[in-house]
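# Residue-level structural notes
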Amino acid sequence: MTTPPKVRRDTDAKSGTVVLDEISKRIIEELQSDGRKPYAAIGKAVGLSEAAVRQRVQRLLDAGVMQIVAVTDPLTLGFSRQAMIGIKCEGDLEEVADELSAIAEIDYVVLTAGSLDIMVEVVCESDQHLLEILGKIRAIPTVRATETFVYLKLHKQTYSWGTR
């Protein structure tokens, strides 16, 4: 019989950090290398049964530690324009971030320090589509300025930073 995964919230409520045992970390690393790897193969690599791996993965998913998703190539799906948009705004940044998050084409929203308050990433079908999204962003009353960084070439994209 195997022990349940050590997935718990750190005692520091401010950090919200999840503490993992070494086996759970190794399971995550196995899935980062191949998100479709069978649980039996992962079990063999980490020394657990297939059922134990399935249980741990479900707990990791339920705890919000990870997601298992298909990562697509936007260019092959007809989304020929990608951009990062920097936003300067006034007032409550969380409220602006909530409004930005409601725009379907925006897939990444982060509050930042520095000359820009918020950065968003968009995936668009065309330059005209990008212009329409910029119009939606600029229509938010507390947005003061935007700066658009159009992607010319994606040089590296990885999700394999591990669990440290």
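Residues numbered from 1 in each chain as written. Predicted model: local features only at pLDDT ≥ 70, side-chain atom pairs only at ≥ 80, totals over all residues. Heavy atoms only, no water.

By the naming in an unreviewed UniProt entry, the chain goes by Transcriptional regulator and is assigned to Planobispora takensis.

## Comments concerning the side chain of Arg-81
In plain terms, the rule: Runs of H or I in DSSP of at least four residues are treated as helices and runs of E of at least two as strands, each being numbered from the N terminus. Exposed residues in this analysis have more than 50% of their type's maximum accessible area, buried residues have under 20%, and partly exposed residues fall in between, with area computed by a 1.4 Å probe over protein chains only. N or O atoms closer than or at 3.5 Å make up a polar contact, with two conditions inside protein: a donor-capable atom paired with an acceptor-capable one, and, for residues adjacent in sequence, both atoms drawn from side chains. In this description, contact between two residues means that some pair of their heavy atoms is separated by no more than 4.5 Å.
Examined against the element boundaries, Arg-81 turns out to sit in strand S3 (residues 81-89). According to the relative accessible area criterion, Arg-81 is buried, its value standing at 19%. A polar atom in the side chain of Arg-81 sits 2.6 Å from the side chain of Asp-127. Leave out the neighbours within four places in its chain, and Arg-81 touches Val-122, Val-123, Cys-124, Ser-126, Asp-127, Leu-130, Val-150 and Tyr-151.

## Side note on the nonpolar core
Going by this rule: Put simply, a nonpolar core is a bunch of buried Ala, Val, Leu, Ile, Met, Phe, Trp, Tyr and Cys residues held in one set by side-chain atoms that sit within 4.5 Å of each other.
By size, the foremost hydrophobic cluster in this structure holds 19 residues, and its most contacted members are Ile-85, Ile-87, Leu-100, Ile-118, Val-120, Val-122 and Ile-137. Elements with a contribution of two residues or more to this core: S3, helix H4 (93-101), strand S5 (118-124) and helix H5 (127-138). Contacts of Val-122, omitting those with residues within four sequence positions, involve Arg-81, Gln-82, Ala-83, Ile-85, Glu-105, Ile-106, Asp-107, Leu-130 and Ile-133.

## Remarks on the sheet that holds S3
This is how it is decided: Two strands qualify as a pair provided that DSSP identifies no fewer than 2 bridges between them. Lines are fitted to the C-alpha atoms to define the axes, a helix being fitted only along its stretch in contact, and any angle between axes, read from their N-to-C directions, falls within 0 to 180 degrees.
As summarised here, the arrangement of the four strands in space is S4-S5-S3-S6, forming an open sheet in which the pairing is antiparallel. Among the strands making up the open sheet, the edge pair consists of strand S4 (106-111) and strand S6 (143-150). Strand-to-strand twist across the sheet, computed as the mean angle between neighbouring axes with direction ignored, equals 20°. Strand direction decides the pairing type here: S3 and S6, joined by seven bridges, are antiparallel. When the bridges of S6 are listed, Ala-83 appears paired with Val-150.

## Side note on a nonpolar patch on the surface
The test is simple: What makes a patch is a set of residues exposed beyond 30% relative accessible area and free of salt bridges, joined within 9 Å when like-charged and within 5 Å when nonpolar (Val, Leu, Ile, Met, Phe, Trp, Tyr). All accessibility values rest on the Shrake-Rupley procedure with a 1.4 Å probe; residue burial counts only the protein chains present in the view. A pair is scored as a salt bridge if a Lys or Arg side-chain nitrogen falls within 4 Å of a carboxyl oxygen belonging to Asp or Glu.
A cluster of nonpolar side chains, namely Val-69, Val-71, Tyr-159 and Trp-161, defines an oily patch on the protein surface of about 440 Å² accessible area. Relative to the helices and strands, Val-69 resides in the loop between helix H3 (50-62) and S3. Given a relative accessible area of 53%, Val-69 falls into the exposed group.

## As for the pairing of S3
Taking burial as the measure, the nine residues of S3 include eight buried ones, the bulk of the element. With seven bridges connecting them, S3 and S5 associate as antiparallel partners. Within S5, the residue paired with Met-84 across the bridge is Glu-121.

## Structural notes on the packing of helix H1 (residues 22-33) against H3
Heads up, the condition is: Here the word oblique covers every angle except those under 35 degrees (roughly parallel), over 145 (roughly antiparallel) and from 65 to 115 (roughly perpendicular). Note on residue classes: Ala, Val, Leu, Ile, Met, Phe, Trp, Tyr, Cys and Pro are nonpolar, Asp, Glu, Lys and Arg are charged, and everything else, Gly too, is polar.
Relative orientation of the contacting elements H1 and H3 amounts to 85°, with a least axis distance of 11 Å. Taken together, the axes of H1 and H3 lie roughly perpendicular to each other. Each of Ile-23, Ser-24, Ile-27, Ile-28 and Leu-31 in H1 lies in contact with H3, whose residues at this interface are Arg-56, Val-57 and Leu-60. For the contact of H1 with H3, a count of residues per class yields six nonpolar, one polar and one charged.

## Brief notes about the environment of Leu-152
Position of Leu-152 relative to the elements: it lies in the segment after S6. Overall, the relative accessible area of 82% leaves Leu-152 in the exposed class. Sequence separation between Leu-152 and Ala-83 is 69 residues; the distance between their C-alpha atoms is 8.9 Å.

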